[in-house]
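# Results of the structural survey
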Amino acid sequence: MHIALYRKYRPKDFEEVAGEQDIVKTIKASLSMNKMSHAYLFSGPRGLGKTTIARLIAKGTNCLKNGVTDTPCNECENCLAITEGNFMDMIEIDAASNRGIDEIRNLKDKINYKPSKGRKKVYIIDEVHMLTKEAFNALLKTLEEPPEHVIFILATTEPEKIIPTIISRCQRYDFRTFSLNDMVARLRYISKEEKIQISDKGLEMIFESSGGSMRDGISILERISINYLNEEIDEEKVGFVLGITPTKRLEKFLSLIRESKKEDLIQELNKIYQDGLDIELFFKDLGKACKDLMIKEKNFIEEGIKIIGSIYETLSKFKFEEDKRLVGYVLINDLYRNNFQKVEVITQKSEAIQERSEEPKDIIKYDIGKEITLEEVKKVWDNALKLVKKEKISLMSFLISGYPKKVEKNVIEIIFDNENSFQQEQMTKKDNSEILKNALEKMLETKVTLKFVLKNKVKKENKNDNDDLSEQIMSFFGGK
Ligand SMILES: Nc1ncnc2c1ncn2[C@@H]1O[C@H](COP(=O)(O)OP(=O)(O)OP(=O)(O)O)[C@@H](O)[C@H]1O
Ligand SMILES: [Mg+2]
Ligand SMILES: [Zn+2]
């Protein structure tokens with residue numbers, strides 16, 4: 001049978017316990033001096049070794065070969081039974097599963113019987129804060145005057161829920177989450193034993209997503225190793241299994257945004273897609289990367305907020321779009337627009353374009369067939385865009401900010417806000433406009449001419465917008 005790695009590597013003696021060294025030291029000292037307290041309270045997050053150390057106390061007090069000891073033999077009947085978790089005098093009660101009423105009653109009935117195989121009966125009550133009030137009170141009574149042959153070890157992940165009268169009767173130890181070094185050292189040891197070839201960076205990434213819990217760290221290591229049996233595991237593979245976007249990619253993307261290299265951004269997005277990364281996740285991680293950079297770099301704050309804003313807006317706008325690459329295009333477009341340095345340049349340029357595009361002489365008129373109205377154009381607009389999307393998906397990121405405003409003698413005016421001058425400019429390119437033109441002509445069954453115009457619009461007052469937006473962004477990233 002396959003045993004989960006974290007169970008296989010539950011420390012069998014104190015030497016093997018990683019981290020928590022202060023706790024280990026004190027408990028070892030009490031064991032070697034045979035001065036154990038009758039009640040302990042172990043508190044701290046999951047997977048730090050509370051149960052593990054509780055069992056080691058049971059071993060240390062009941063080892064047949066070495067007596068009461070900080071170095072149990074791990075060979076005698078009692079040691080082996082404790083390792084297996086079926087030692088008669090080690091009673092584990094899970095308060096979370098049935099709130100402990102029967103168990104505590106049972107405990108009170110039997111507590112006075114002497115241990116059957118060892119020196120001490122060790123009661124380990126897990127998630128002790130979950131006990132009912134009655135069970136708590138019963139426990140309190142026994143804690144007041146426990147028999148000589150009993151050791152209580154209460155464990156909890158929520159110590160604040162335990163009444164002070166209980167706490168004051170126990171020797172309390174607060175377990176702390178693992179440090180990077182302690183966890184990596186233990187994971188490296190397990191990897192070696194299990195012949196898992198994993199890079200240091202990979203182990204660090206496991207630590208990051210374990211939240212400092214050793215059990216979680218080991219479980220993640222196991223999951224990854226199963227995914228890449230007998231392969232060398234590097235950070236990319238770890239990231240892939242964990243669904244973490246490699247930092248390098250985020251950094252690259254961010255620097256391309258900051259340098260306004262739009263073409264490169266599109267290319268990079270395609271690569272991300274081809275490499276099988278989740279695009280939505282990528283952008284969320286990008287948002288987080290911005291947040292982190294904003295903390296480090298003061299002059300990035302404004303830009304960072306804009307980028308996070310764009311990410312948030314686009315992702316929520318296109319929540320239901322299945323092709324997330326499209327969302328990426330729209331986003332890139334939006335990011336580009338939001339890059340203020342660049343915007344200034346574009347605004348100056350766009351005035352020139354605007355003047356030009358308002359000159360109707362520039363437009364070559366075709367022999368028009370059936371004459372169409374604005375209403376008709378609006379009706380087919382969405383479907384025409386679908387055709388465009390099929391033909392050249394990236395055009396959607398330009399067209400998303402334009403809409404048909406006027407139709408006269410089959411000249412369709414498509415209007416863009418001033419801030420979208422880049423999109424407008426892109427659409428005036430012949431290759432691009434042809435695609436939309438063809439789509440519209442197909443839908444309208446007549447010849448049309450397209451005109452892409454910038455709307456003369458004063459800067460939006462966006463004070464309220466911003467407040468609202470930042471609030472939404474915050475809730476989106478779950479931050480404060
Ligand atoms: N300090 C540690 N040193 C080495 N391994 C550890 C340590 N703490 C936890 N582990 C690993 O994690 C597993 C689970 O640990 P344990 O059951 O002791 O955690 P816990 O603190 O009791 O967690 P919970 O609150 O979820 O019960 C162990 O089997 C072991 O593999
Ligand atoms: Mg436990
Ligand atoms: Zn022993």
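Predicted, not measured: the structure shown is a model, and the values here were computed from it. Note on numbering: residues in each chain are counted from 1, in written sequence order. Chains carry letters and ligands carry numbers; both start at the beginning, A for chains and 1 for ligands, and go up in the order they are written. In keeping with the model being predicted, local features are shown solely for residues with a pLDDT of at least 70 and side-chain atom pairs are shown and tallied solely at 80 or more, while totals for entire chains, interfaces and linings include all residues.

### Brief notes about the overall build of the chain
Strands here are runs of E lasting at least two residues and helices are runs of H or I lasting at least four, both read from the DSSP assignment and numbered beginning at the N terminus. If you tally the helices and strands in the chain, you get 23 helices and ten strands. Put plainly, a residue is buried at 20 or more neighbouring C-beta atoms within 10 Å of its own, exposed at 12 or fewer, and partly exposed in between, counting only other residues' C-beta atoms, which are placed from the backbone. Considering the chain as a whole, with its 480 residues, one finds that 37% of them fall into the buried category. If you take every contact in the chain between residues at least 6 apart in sequence, the share linking residues at least 24 apart comes to 74%. For the purpose of contact definition, each residue receives a C-beta atom placed from its backbone, and two residues are in contact when these atoms lie within 7 Å.

### What about the confidence of the model for the chain?
Averaged over all residues, the pLDDT of the chain equals 85, while 88% of them reach at least 70. A low-confidence stretch, residues 476–480 stays under pLDDT 50, and its non-local contacts, those more than four residues away or across chains, total six contacts. Each residue carries a pLDDT value, the predictor's own confidence for that position, ranging from 0 to 100.

### Description of the site of ligand 1
Near ligand 1 lie 23 residues; those nearest to it are Arg-10, Arg-46, Gly-49, Thr-51 and Thr-52. Mapped by element, the contributors of at least two residues to the shell around ligand 1 are helix H1 (5–8), helix H3 (50–62) and helix H11 (214–227). Polar here means any residue other than Ala, Val, Leu, Ile, Met, Phe, Trp, Tyr, Cys and Pro, which are nonpolar, and Asp, Glu, Lys and Arg, which are charged; Gly is therefore polar. Tallied by class, residues from the shell around ligand 1 come to nine nonpolar, six polar and eight charged. Domain segmentation is taken from an automatic or database assignment of domains. Here the shell around ligand 1 spans two domains, and each of domain 1 (5–174) and domain 2 (180–242) adds at least three residues to it. Near residues are defined by distance alone, with the backbone-placed C-beta atom required to lie within 6 Å of the molecule or strand.

### Here we look at the pairing of strand S1 (residues 39–43)
By the criterion of burial, S1 is predominantly enclosed, with five of the five residues buried. Going residue by residue along S1, you find Ala-39, Leu-41 and Ser-43 tucked away on one face and Tyr-40 and Phe-42 tucked away on the opposite face as well. Here five bridges tie S1 to strand S4 (residues 150–156), and the two strands are oriented parallel to one another. Its bridge partner lying in S4, Ala-39 is registered against Phe-152. Pairing of S1 with strand S5 (residues 171–174) involves four bridges; the strand directions are parallel. Along S5, the bridge assignment pairs Leu-41 with Arg-172. In this description, strands pair whenever DSSP reports at least two bridges between them.

### Notes on the packing of H3 against helix H4 (residues 77–84)
Structural elements are reduced to axes, namely lines fitted to C-alpha atoms, with helices fitted over the stretch in contact, and the angle between N-to-C directions of any two is expressed from 0 to 180 degrees. Look at H3 against H4: their axes get within 9 Å of each other, and the N-to-C directions meet at 170 degrees. Classified by the angle their axes make, H3 and H4 are roughly antiparallel. On H4, the residues that touch Arg-55, Ala-58, Lys-59 and Asn-62 of H3 are Asn-78, Cys-79 and Ile-82. Roughly parallel means an angle under 35 degrees; roughly antiparallel, over 145; roughly perpendicular, 65 to 115; everything else is oblique.

### Some words on the sheet that holds strand S3 (residues 121–126)
Here five strands make up an open sheet; going across it, the order is S2-S3-S4-S1-S5 and the pairing parallel. One side of each edge strand has no neighbouring strand; the edge strands of this open sheet are strand S2 (90–94) and S5. Direction aside, the axes of adjacent strands within the sheet are offset by 15 degrees on average.

### Structural notes on the packing of helix H9 (residues 180–194) against helix H10 (residues 200–210)
Two elements in contact, H9 and H10, have axes separated by 9 Å at closest approach and are oriented at 120 degrees. Relative to H10, the element H9 lies oblique. Crossing angle aside, the handedness with which H9 passes H10 is right-handed. Residues Leu-180, Met-183, Val-184, Leu-187 and Arg-188 of H9 lie in contact with H10, whose contacting residues are Leu-203, Glu-204, Ile-206, Phe-207 and Ser-210. The class makeup of the residues in the contact of H9 with H10 is seven nonpolar, one polar and two charged. With the far helix as reference, a near helix turned anticlockwise by less than a right angle produces a left-handed crossing, and one turned clockwise produces a right-handed crossing.

### Details of helix H16 (residues 301–317)
Here the expected span of a helix is defined as 1.5 Å times the quantity of residues minus one. Taking 1.5 Å as the rise per residue, H16 with 17 residues should run 24 Å; its terminal C-alpha atoms sit 24 Å apart, in good agreement. All buried positions along H16 are accounted for by Glu-303, Gly-304, Ile-307, Ile-308, Gly-309, Ser-310, Ile-311, Tyr-312, Thr-314 and Leu-315.

### Points about the environment of Ser-260
Within the secondary structure, Ser-260 sits in the loop between helix H13 (247–258) and helix H14 (262–274). Along the chain, Ser-260 and Leu-335 lie 75 residues apart, while their C-alpha atoms are 8.7 Å from each other.

### Side note on unusual backbone geometry
In this structure, Asn-34 is a non-glycine residue whose phi angle is positive, near 50 degrees. Within the fold, Asn-34 resides in the loop between helix H2 (21–32) and S1. For Asn-34, a count of 12 C-beta atoms within 10 Å gives the class exposed.

### A closer look at the nonpolar core
Definition of nonpolar core: a set of buried Ala, Val, Leu, Ile, Met, Phe, Trp, Tyr and Cys residues joined via C-beta atoms within 7 Å. Counting residues in hydrophobic clusters, the biggest one holds 66 residues, and the most contacted among them are Tyr-40, Phe-42, Ile-57, Tyr-123, Ile-153 and Leu-154. In terms of residue count, S4 provides more of this core than any other element does, six residues in total. Mapped onto the domain boundaries, this core takes at least three residues apiece from domain 1 (5–174) and domain 2 (180–242). Not counting residues up to four positions away in its chain, the partners in contact with Leu-154 are Tyr-40, Leu-41, Ile-125, Val-128 and Cys-170. Of all hydrophobic cores here, the second largest spans 25 residues; its members include Leu-256, Leu-269, Leu-315 and Phe-422.

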